[in-house]
Amino acid sequence: MGEVPEVKMIPISEFRQKCLSLLPAVSEGGGEIIVTRRGKPLAVVSPIPQSRSDSIYGLYGDGEIVYPEPASPVYSDDEWDEVVDAWDANIE
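Let me begin by describing the structure that accompanies this report. Values in this document were obtained by computation on a predicted structure and should not be read as measured data.

1. Side note on the pattern of salt bridges
Working step 1: Taken as a whole and assessed by the stated rule, the structure comprises 5 salt bridges.
Working step 2: Of the charged contacts, one joins D81 and R16 as a salt bridge, the two residues approaching to 3.6 Å between their closest N and O atoms. Within this pair, whereas D81 is found in helix 3 (residues 77-91), its partner R16 is found in helix 1 (residues 12-29), the two being separated by 65 residues in sequence.
Working step 3: By relative accessible area, D81 is classed as partly exposed at 33%.
Working step 4: Where salt bridges share partners, they join R16, D77 and D81 into one cluster.

Structure representation (structure tokens):
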């Protein structure tokens, strides 16, 4: 039998701090991360299957995606909290 991939649960605050190091680990290791908020699952981060990884960029025309500042956050901490609160309100 094949090896079962690891599933790790982490709070959203930890994911926000460590996401740049967690994403390559998921991609290379094949495990999944379940991001939680107040103990409730919010999202699952999982690797793209190898058979699709070569063609995924074809979805964007010429295959080139440019991020001016890829390491900068998209939202400020306050904006992120508003997004998450809105998400929680839609789930409940």
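Here the narrative resumes.
2. What to know about unusual backbone geometry
Working step 1: Even without glycine at this site, R38 takes up a positive phi of about 55°.
Working step 2: By secondary structure assignment, the location of R38 is in the loop between strand 2 (32-37) and strand 3 (40-45).
Working step 3: With a relative accessible area of 71%, R38 lands in the exposed category.

The rules behind each value
- Residues numbered from 1 in each chain as written.
- Predicted model: local features only at pLDDT ≥ 70, side-chain atom pairs only at ≥ 80, totals over all residues.
- Heavy atoms only, no water.
- Salt bridge = Lys/Arg side-chain N within 4 Å of Asp/Glu carboxyl O.
- Helix = DSSP H or I, 4+ residues; strand = E, 2+ residues; numbered from the N terminus.
- Buried < 20%, exposed > 50% of the residue type's maximum accessible area, 1.4 Å probe, protein only.

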